[in-house]
Amino acid sequence: MKPVFANPFALLTLQTQATLMAMEAGAVIWMRMMGMAGLWSVRPSENARMVTEKQKAFTEAGTRLMLGTMKGQTTLSHALRPIRRTTKSNVTRLTRRGPKRK
């Protein structure tokens, strides 16, 4: 049996993606809370969107994780991609809308 050598950069990539996702999630929560308070420009559908998008992203992440495990993949970054993609697009979209102007 051949020895398996881990990719030394796989952990660094995973940590970087997880950190970026956590920072983006915090920013999204802040902007949505400000939107609920009437201080940030958000669409009326934002509250429903924040619930439904999580279901889709976590389902896709779980599927990727299970399939990757069955294929013998040792990295989790492929499972994190759908969640990171969602947080990144939310930050971009909500930042463009900006604070509410009277």
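Residues numbered from 1 in each chain as written. Predicted model: local features only at pLDDT ≥ 70, side-chain atom pairs only at ≥ 80, totals over all residues. Heavy atoms only, no water.

### Some points on the UniProt feature "transmembrane region" (unreviewed entry) in the chain
Test applied: UniProt positions are given in the numbering used here, feature names are shortened, and annotations may be inferred rather than shown by experiment. For helices the rule is a DSSP run of H or I covering at least 4 residues; for strands it is a run of E covering at least 2, with both sets numbered from the N terminus onward.
Residues annotated by UniProt as "transmembrane region" (unreviewed entry) correspond here to residues 20-40. As a span, residues 20-40 carries 81% helix and 0% strand, and end to end its C-alpha atoms are 22 Å apart.

### Description of the pattern of salt bridges
Put simply, the rule reads: What counts as a salt bridge is simple: a side-chain nitrogen of Lys or Arg found within 4 Å of a carboxyl oxygen of Asp or Glu. Remark: exposure states derive from per-residue accessible area (1.4 Å probe, protein chains only) relative to the maximum for the residue type, with buried under 20%, exposed over 50%, and partly exposed in between.
Going through the model one piece at a time under the given rule, you end up with seven salt bridges. The residue Arg32 makes a salt bridge to Glu53 at a minimum N-O spacing of 2.8 Å. Separated by 21 residues along the polypeptide, Arg32 in helix α1 (residues 8-36) and Glu53 in helix α2 (residues 46-71) bring together distant segments of the chain. A salt bridge links Glu60 to Arg64, with the shortest nitrogen-to-oxygen separation between them at 3.5 Å. Of this pair, Glu60 and Arg64 are both found in helix α2, four residues apart, which corresponds to roughly one turn of the helix. Since its relative accessible area comes to 27%, Arg64 is described here as partly exposed. Salt bridges here are not isolated pairs; linked through shared partners, they connect Arg32, Glu46, Arg49, Glu53 and Arg93.

### Section: α2
So the rule is basically this: Each residue after the first adds 1.5 Å to the expected span of a helix. We call two residues in contact when some of their heavy atoms are within 4.5 Å.
The terminal C-alpha atoms of α2, which comprises 26 residues, lie 37 Å apart, in line with the 38 Å expected from a rise of 1.5 Å per residue. Every buried residue belonging to α2 is among Glu46, Met50, Glu53, Ala57, Ala61 and Gly68, and all of these are buried. Each element contacted by the buried residues of α2 is listed here: α1 and α3 (77-97). Note on α2: the residue one or two positions beyond its end, Gly72, has a positive phi of about 85°.

### A word on α1
With 29 residues, α1 extends 43 Å between its outermost C-alpha atoms, agreeing within 8% with the 42 Å of an ideal straight helix rising 1.5 Å per residue. Those residues of α1 that fall on the buried side of the exposure criterion are Met21, Glu24, Val28, Met31, Arg32 and Gly35. Against the buried residues of α1 lie α2 and α3. Of the residues one or two after α1, Gly38 is the one with positive phi, at around 85°.

### A word on the layout of surface pockets
Empty space among the atoms can be located by rolling a probe the size of a water molecule over them. Put simply, the test is: Residues are said to line a cavity or pocket when one of their atoms sits within 4 Å of a point; the points come from a 1 Å grid over protein atoms alone, cavities being sets where a 1.4 Å probe fits but cannot get out and pockets being open sets with protein on both sides within 12 Å along at least five of seven lines. Grid points are joined across faces, edges and corners, and a volume is the space filled by probe spheres set on the points.
In this structure, the largest pocket spans a volume of roughly 280 Å³. Along its surface, the largest pocket is lined by 16 residues, and Ala25, Arg32, Glu53, Lys54 and Thr87 are the ones closest to its centre. Ranked by residue count, the leading element in the lining of the largest pocket is α1, at seven residues. Of the voids in this model, the second largest pocket is the one considered here, and its volume is about 150 Å³. What lines the second largest pocket is Arg49, Glu53, Lys56, Ala57, Glu60, Pro82, Arg85, Thr86, Ser89 and Asn90.

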